[in-house]
Amino acid sequence: MTRVIDGTGNDRGTTGRLGRAVDAVRWEANSVGRAARAAVRGPGRERDLLVQSLKAALAALLAWLVAQVWLGDPMALMAPWVALVLVQATVYASLVTGARQFAAICIGALVASGAQAVTDDNTGALVLSVPVLVLLSNWRRFGDQGIYAATTAVFTIASGTVSVEAVGHRLGQAALGAVIGVAVNALVLPPVHLRDVRENLAALAREAGEVLSAVAGDLREGEWDAQTAVGRLNAAERLQDRLDALRSARGWSRESLRLTSGMLRKLHRAPTEALPPEDEDERLGRITGHVTALTRSLAVAADEERSPASPDPEVLDSYGKLLELLADSCRAEADRLLGEEDPGDPLLDERTDAAMRDLHTTLQEGLTKEAGRGAARTAVLGTLVLQAENVWADLDPRARGR
């Protein structure tokens, strides 16, 4: 590799790497600052992370105070360690994780004690027990908690106390930490992931509207070509990432409502009835698919090697107007999902329906004029109109059957 030295004797490669490192540090610092401001500004993912982190610290502190200060146990390390890791994203996850972790700790302590009794040597006990426990940690029943069997064995052997009483102390401390960790997670602002579903639904509708609006602008300004079409198609395909995030949020919300009924429901940061129905996920998912199919059809129409006849500019202009109205409908849908009080354009549905009828009229007139020039134009325009109708039908169920 060639190294370039500038007139001051500096290595430009080194300077470039240093600059990139500084930029990376600055970007991370800005990200931390944005997250901190978001946590202070109002409810959101950043505040949820802050609350969960503080709860984990609280659980560890309480476990230490109970084990070391109140009970005076010389092996109090195990309780805060277990309590810390059991403040999970949901109460149900805390219980499942606690059961798995406690089982792993029990197995680790018992195997380590048995290995120490057989070998009567710390090194020999490590050699005999740790490989077996690391292999056992991959058992799917343990989930991601299996590694605690091996780490518990290391702690047990390193402490040099493997008597029945010592093992009992460790298991008792692990149980104490598990109880405190689960209790803190369940009773102190129990994590309920309802807001994430609503936010992802609204973001999906808004981002779909942004794609439609960008396509509409390109069509109406006459800047539609193969490269632009591919760029819009890529943007539409990225909606799948948001749809995946929505499905993940739905799963978290469903799990977070398990084991939190009765009195604990009253402590939710978001009301249970605020959770949008799962039918909304399917409907927004269909809209996402229609938008992607629409942009794909336009990309094919703009590709001279794949489409023998590009759409008429007049029809594309009408189509762009329709897509802009559909984009406005998507934005209105996002506002509705977020509970915005502003009703928006009260005539939006009527204007969109009128634009759809006008487009049909323009399309029919254009097809009549082009009847003698082949069916390729008919197929392209028909496909584009069909995808727009699909989007409109899922945005406004009343549009179906018109």
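Here, residues in each chain are numbered from 1, in the same order as that chain's written sequence. Given that this is a predicted model, residues contribute local features only at a pLDDT of at least 70 and side-chain atom pairs are listed and counted only at 80 or more, while totals for whole chains, interfaces and linings are drawn from all residues. Water and hydrogen atoms were dropped before computing side-chain values, which therefore reflect all heavy atoms in the structure.

Asks: Before we go on, may I ask you to explain the overall build of the protein in this structure?
Replies: Counting from the N terminus, the helices are DSSP H or I runs at least four residues long and the strands are E runs at least two residues long. Each helix and strand in the protein was counted, giving 14 helices and zero strands. Reading the helices (α) and strands (β) of the protein from amino to carboxyl end gives α-α-α-α-α-α-α-α-α-α-α-α-α-α. Here the protein holds 402 residues, and the buried ones make up 42% of them. Residues count as neighbours in contact if any of their non-hydrogen atoms are within 4.5 Å of one another. Long-range contacts, defined here as pairs at least 24 residues apart, represent 78% of the contacts in the protein between residues at least 6 apart. Element-wise, carbon and sulfur atoms account for 59% of the exposed surface of the protein, whose accessible area totals about 21500 Å². Burial classes follow relative accessibility: with a 1.4 Å probe on protein chains only, a residue under 20% of its type's maximum area counts as buried, one over 50% as exposed, and anything between as partly exposed. Every accessible area reported is derived by Shrake-Rupley at a probe size of 1.4 Å, with residue values counting cover from the shown protein chains alone.

Asks: Just checking my understanding: could you explain the nonpolar core for this structure?
Replies: The nonpolar side chains of a soluble globular protein tend to be buried, and buried together. Side-chain atoms within 4.5 Å link the members of a nonpolar core, which is a set of buried Ala, Val, Leu, Ile, Met, Phe, Trp, Tyr and Cys residues. Residues Leu212, Leu219, Val291, Leu298, Tyr319, Leu323 and Leu326 are the most contacted members of the largest nonpolar core, which totals 46 residues. Among the nonpolar cores identified, the runner-up in size contains 22 residues, and Leu86, Ala112, Ala150 and Ala178 belong to it.

Asks: Looking at this structure, I do not really get the packing of aromatic side chains. What am I missing?
Replies: Two aromatic rings are characterised by how far apart their centres lie and by the angle between their planes. Aromatic pairs are defined between Phe, Tyr and Trp rings, using the six-membered ring for Trp, whenever the two ring centres lie within 6.5 Å; interplanar angles under 30 degrees are classed as stacked, those over 60 as edge-to-face, and all others as tilted. Taken as a whole and assessed by the stated rule, the structure comprises three aromatic pairs. Residues Trp81 and Tyr148 carry aromatic rings whose centres are separated by 5.2 Å and whose planes lie at 55 degrees to one another, so their mutual orientation is tilted. Here the residue Trp81 occupies a position in helix 3 (residues 78-85), and Tyr148 occupies one in helix 6 (residues 147-159), the gap between them amounting to 67 residues. Take Tyr148: its relative accessible area is 14%, and that puts it in the buried class.

Asks: It is not clear to me how the environment of Thr90 should be interpreted in this structure. Could you clarify?
Replies: Locating Thr90 in the fold gives a position in the loop between helix 3 and helix 4 (91-119). Note on Thr90: relative accessible area 0%, which makes it buried. When the C-alpha positions of Thr90 and Asn185 are compared, they lie 7.8 Å apart, and in sequence the two are 95 residues distant.

Asks: Whenever I open this one, a nonpolar patch on the surface confuses me. Can you help?
Replies: A contiguous nonpolar surface patch, about 760 Å² in accessible area, is contributed by Leu58, Leu61, Leu62, Trp64, Leu65, Val69, Leu187, Val188 and Leu189. Residue contributions to the nonpolar patch peak at six residues, all from helix 2 (residues 45-70). With respect to the helices and strands, Leu58 occurs in helix 2. Patches here are clusters of residues that have more than 30% relative accessible area and form no salt bridge, with a 9 Å joining cutoff for like charges and a 5 Å cutoff for nonpolar side chains (Val, Leu, Ile, Met, Phe, Trp, Tyr). By definition, a salt bridge exists where a carboxyl oxygen of Asp or Glu is found within 4 Å of a side-chain nitrogen of Lys or Arg.

Asks: When you look at the packing of helix 5 (residues 122-136) against helix 6 in this model, what are you seeing that I'm missing?
Replies: Helix packing for two helices is described by the angle between their axes and how far apart those axes are. A fitted line through C-alpha atoms represents every axis, and for helices the fit uses only the stretch in contact; the resulting angles, taken between N-to-C directions, go from 0 to 180 degrees. In contact at an axis separation of 9 Å, helix 5 and helix 6 are set at 170 degrees when each is read in the N-to-C sense. With respect to their mutual orientation, helix 5 and helix 6 come out roughly antiparallel. Contacts from Asn122, Ala125, Leu126, Ser129, Val130, Leu133 and Val134 of helix 5 reach helix 6 at Ala149, Ala150, Ala153, Val154 and Ile157. Three classes are used: nonpolar for Ala, Val, Leu, Ile, Met, Phe, Trp, Tyr, Cys and Pro, charged for Asp, Glu, Lys and Arg, and polar for all others, with Gly counted as polar. Per-class residue counts for the contact of helix 5 with helix 6 are ten nonpolar, two polar and no charged. Each angle is binned into one of four classes, with values under 35 degrees roughly parallel, values over 145 roughly antiparallel, values of 65 to 115 roughly perpendicular, and all other values oblique.

Asks: Explain helix 12 (residues 313-337) to me, please; I cannot follow it from the model alone.
Replies: Since one α-helical turn is 3.6 residues long, residues separated by three or four positions face the same way. Expected span of a helix: the number of residues minus one, times 1.5 Å. The end-to-end C-alpha distance of helix 12 is 36 Å, a good match for the 36 Å that 25 residues give at a rise of 1.5 Å each. Immediately downstream of helix 12, the backbone of Gly339 shows phi near 75 degrees, a positive value.

Coordinates in, geometry out; function isn't part of it.
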